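Each chain, letter by letter, is given below.
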Amino acid sequence: MSMKCGKGVGIFLLVLALTGLGSGLSAQLTNASIRPKINSPFSRYGLGNPIEPYFIASAGMAGLSTAWQDIYHFNPVNPASLASLQSTAFETGMYAQYVSLQGRTAKDNQYGGNLRYLGLAFPLKNPINRALNQQNNDWGVGMGFDLSPMTQVGYDILAVVNDPELNRVTNVLKGVGGIYKLRWGNAIRYKNLSLGLNVAYLFGELTNSRLVTFDSLSFTLQTEFSDQFSARGWAVDGGLQYAYDFKKTNDAGERVSNGNRIILGLTASPTANFDTESNAYYRRFFGQGVSDTLVYENRAIGSGSLPPQFSFGVSYQKMNQLQLGAEFSRTGWSEYTNSAKPEQLSNTWRVAAGLEYIPDYASYKNYWARARYRFGFFYGTDSRSLDGEQALHRAITMGVGMPIVLPRQQVSFMNTALELGKFGVPNVLEETYVKLSVGFTLNDNTWFFKRKFN
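These lines cover the structure that appears in this document, whether it is placed above or below. (Residues numbered from 1 in each chain as written. Predicted model: local features only at pLDDT ≥ 70, side-chain atom pairs only at ≥ 80, totals over all residues. Heavy atoms only, no water.)

## So, the pattern of salt bridges
A side chain with one charge may pair with a side chain of the opposite charge, provided their charged atoms come close. Spelled out, the test is: Here, a salt bridge means any side-chain nitrogen of Lys or Arg that lies within 4 Å of a carboxyl oxygen of Asp or Glu. Think of it this way: any DSSP run of H or I at least four residues long counts as a helix, any run of E at least two long counts as a strand, and we number them from the N terminus. When a residue's accessible area, from a 1.4 Å probe over protein chains only, is under 20% of the maximum for its type it is buried; when over 50% it is exposed; and in between it is partly exposed.
If you walk through the whole model with that rule in mind, you get 13 salt bridges. Across the pair Asp-387 and Arg-104 runs a salt bridge whose closest N-O atoms are separated by 2.6 Å. With Asp-387 in the loop between strand S15 (372–386) and strand S16 (389–406) and Arg-104 in the loop between strand S2 (88–103) and strand S3 (107–123), the pair connects residues that are 283 residues apart, well separated along the chain. Residue Asp-387 is classed as exposed on the basis of its relative accessible area, which comes to 55%. Here the residues in one salt-bridge network are Asp-70, Glu-356, Arg-372 and Arg-374, joined through shared partners.

## Brief notes about the pairing of S3
The cut-off we apply is this: Only strands that DSSP links by at least two bridges are regarded as paired with each other.
Looking at chain direction, S2 and S3 are connected through 14 bridges and run antiparallel. Paired with Tyr-95 across the two strands is Asn-114, which belongs to S3. In textbook terms, the turn of a hairpin is the stretch between consecutive antiparallel strands, and for S2 and S3 this stretch comprises 3 residues. One ladder, built from 6 bridges, connects S3 with strand S4 (residues 139–163); its direction is antiparallel. Note that in S4 the partner of Ala-121 across the bridge is Gly-144.

## Quick word on the packing of aromatic side chains
The following threshold applies: Note on aromatic contacts: the rings of Phe and Tyr and the six-membered ring of Trp form a pair at centre separations within 6.5 Å, being stacked when their planes are under 30 degrees apart, edge-to-face when over 60 apart, and tilted otherwise. The criterion is that NZ of a Lys, or CZ of an Arg, lies within 6 Å of the ring centre and within 35 degrees of the ring normal, and then a charge sits over that ring.
Scanning the entire structure with this criterion turns up 19 aromatic pairs. Ring geometry for Tyr-201 and Phe-203: centres 5.7 Å apart, planes at 20 degrees, overall stacked. Through successive ring pairs, a cluster of aromatic residues spans Tyr-180, Tyr-201, Phe-203 and Trp-234. It is Arg-350 that lies over the ring of Phe-378; its NZ or CZ is 4.3 Å from the centre.

Encoded structure:
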């Protein structure tokens, strides 16, 4: 087998419009016309390869998100963190990766990359207004929008079978597509407790095709099996974060925060239902002439459901210097259903740990002392199996958050993350990969600023 910001809002909304959020099926693709962007045999199963839901700032810390909050960065995984934002954050990210695919008898190497996400989040109570009006900071409200892929399908497999009766039979299996998520999040904070809710619209289209050729028989018809379906639906998830501040006694005898805190986080999402519309086109043909349709099913209506999920985490923060944490998540993929493509998947779990370190937040002489250095690792299972063994996914990560000072002393960031990992079933089919991600966080705390004239 061989395996072959106001301004930012306008840009954001324009990109959303160009994505074509309608979920109708496109024209039926033939096997020869399919050009996948990746080659991952695992993406044949389920809805494809899951795409990490976190942004690049947390990717360097193995994706810590449940108990992670930052006043500059948008964390869409736990919507409760939106209430801790102190600046509008426009986020965009992209990645490039190298994958070495190793099977029992063959291997393949490939390069890939793409845009990862677009996001916009902002506090609904401007911190400058509160400071000028001498208001306390007991309440916080935040909102965010983001568009990102949830799964990706891409494979191009040439499988040769030597049949005792038919002799050599060649199968060409190809697939493309994926599911996307357009998400709206809101959060409210009172003192140290934050609650948040995400509402997401899910949409996408997947195509799976198999072409069978009987190589050793002359003048035989080729057979093509093409299945295509689109999906659309709604999903909700919620989160909470509670921060416990360590305190000290000041000169006035008052108990005040000493800048250190522990944050506890929790996220959960119930089962999400979606609707499907599918086409099936099976045919026999010879060259460009003879063609015989075996099955033609157009726009069949179906349904499915995504599984429930939860995660919890804990992190420790030392203000402007250190942040470290760990989290655990579980997804009940055994409850997944899809009438357009029935499959049995397995429950998954994931553990992760990571840290972020800033040598000297206020350094004027050394730029790299102000940078944010991130490290982490994760280990977990995948919902798909081969030869009765469930696939595994593990990796180590590292990254750097480089501050950028923009006009009016607005601080923004260029974030990078490097991930070295393995995915698959050892000694059966495994992907070893190196992924480099680059993202930009553009901050502006003058939004909703009420200017006053004396």
